[in-house]
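# Structural characterization, general
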Amino acid sequence: MKLHSNKPWLALAAGTAVVGTLPWLVSEFMASVLLSCLMYIALATSWSLFCGATRYLSLATSAFFGIGAYASATLLGSLPWPLVIVAGALIAAVVAVVMGAAVLHLRGTYFAVLTFGMTELIRHAVTFVEKQVSGTVGRVLTVVPSNETVYLTVLLIAAGAIATAIAVQRSRFGLALSGIGADEQRAQTLGVDTRLAKIAGFGITAAFAGAVGAAMAVRWTYIEPAAVFSPFIGFQTVLIALIGGAASIGGPVLAAIVFSLLAETLRLQLPYGYMMVLGLLLILCVMYLPNGLATLWQRKRAATPAAPATEAGHV
């Protein structure tokens, strides 16, 4: 018997192939909605990869997203598009490693508040530098790739985030992260280098957020710190992951699709309705589905009786 099934890999490959053809089959508006879905799939999945396993509540996603966006705005004219994405991911990962080394010894509310505070610090630092260097707080992107290129890039980033989550979940590294979430002191006594594992996981999460920010920056053509470092991006990522089920892989993906569709529907008709629905669902999940929407199929799987073993001599 195989230790791990290949079904998740096959489903990911098939899903990526199908979703990759959609921009040429749907309207421009639907392609934009799909792009938003992919963006939050990548952000929520990569956030869950670290935070769902370790139970460290990070509010720094918007910081890494903004760093990637500004890296893209700065380097787009001098580097090829793939290298721009890689640069955004690397710069965000380096910042995460430095940040993680400083704050990952804290837990709970202290860690969440400090990551949010450091996000605001980075935003104000970028604003200060922009004013001093260019005399303005925003950048206009004049040379941008096509919409199809951006879509396929974000699709590959989202697929990479899911693939990384699957691989980490099945590895010793993933086991170490889960051990930290269950009982960090016990994990240390069992020989896990918890500090290194936490910094590495935090860096992986940041790399994907930076890559997404680098890709999405060109969709706005004009970026400024208030937009790309918006706390809304970070908070929505956390809420999507928690509502979907941060300890699972499929939960954040499903929640990202649902809430991206809700966002486009409600923002036009009820500007504040989307956040109300998001908050209400979070409350309901906390009360009745503590492990998010993933609890639903976990309960269904647990309730399904196992197939009886075939007795010897019976056909």
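Right, let's walk through the structure included here. Just so it is clear, the model here is predicted, and its values are computed rather than measured.

About the criteria used
Residues numbered from 1 in each chain as written. Predicted model: local features only at pLDDT ≥ 70, side-chain atom pairs only at ≥ 80, totals over all residues. Heavy atoms only, no water. Helix = DSSP H or I, 4+ residues; strand = E, 2+ residues; numbered from the N terminus. Expected span 1.5 Å × (residues − 1). Bend = angle between axes of the 7 residues up to and from the residue. Buried < 20%, exposed > 50% of the residue type's maximum accessible area, 1.4 Å probe, protein only. Salt bridge = Lys/Arg side-chain N within 4 Å of Asp/Glu carboxyl O. Axes fitted to C-alpha atoms, helices over the stretch in contact; angles between N-to-C directions. Parallel < 35°, antiparallel > 145°, perpendicular 65-115°, else oblique. Left-handed = near helix turned anticlockwise from the far one by under 90°. Contact = heavy atoms within 4.5 Å.

Look at helix 2 (residues 28–54): 39 Å from first C-alpha to last across 27 residues, which is about the 39 Å you get at 1.5 Å a residue. At serine 48, helix 2 shows its maximal bend, which comes to roughly 40°. Taking burial as the measure, the 27 residues of helix 2 include 23 buried ones, the bulk of the element. Just past helix 2, the residue arginine 55 takes up positive phi, approximately 65°.

In a regular helix each residue adds 1.5 Å, so 14 residues correspond to 20 Å; helix 10 (residues 231–244) covers 20 Å between its end C-alpha atoms and thus fits that length. Listed as buried for helix 10 are Ile233, Gly234, Gln236, Thr237, Val238, Leu239, Ile240, Ala241, Ile243 and Gly244. Phi turns positive, to about 115°, at glycine 245, one or two residues after helix 10.

On to the pattern of salt bridges, then. With the rule as written, the count across this model stands at four salt bridges. One salt bridge connects glutamate 120 with arginine 123, and the closest N-O pair in it is separated by 2.7 Å. One end of the pair, glutamate 120, and the other, arginine 123, are both in helix 5 (residues 108–133), three residues apart, so they sit about a helical turn from each other. By relative accessible area, glutamate 120 is classed as buried at 17%. A salt bridge links lysine 198 to glutamate 184; its shortest N-O distance comes to 2.8 Å. Placement of the pair is lysine 198 in helix 8 (residues 194–220) and glutamate 184 in helix 7 (residues 172–189), with a sequence separation of 14 residues.

Between helix 7 and helix 8, the shortest axis-to-axis distance is 10 Å and the interhelical angle comes to 135°. One finds that helix 7 runs oblique with respect to helix 8. The chirality of how helix 7 crosses helix 8 is left-handed. In contact with Phe173, Leu177, Ile180, Glu184, Ala187 and Gln188 of helix 7, helix 8 contributes Thr194, Ala197, Lys198, Ala200, Gly201 and Ile204.

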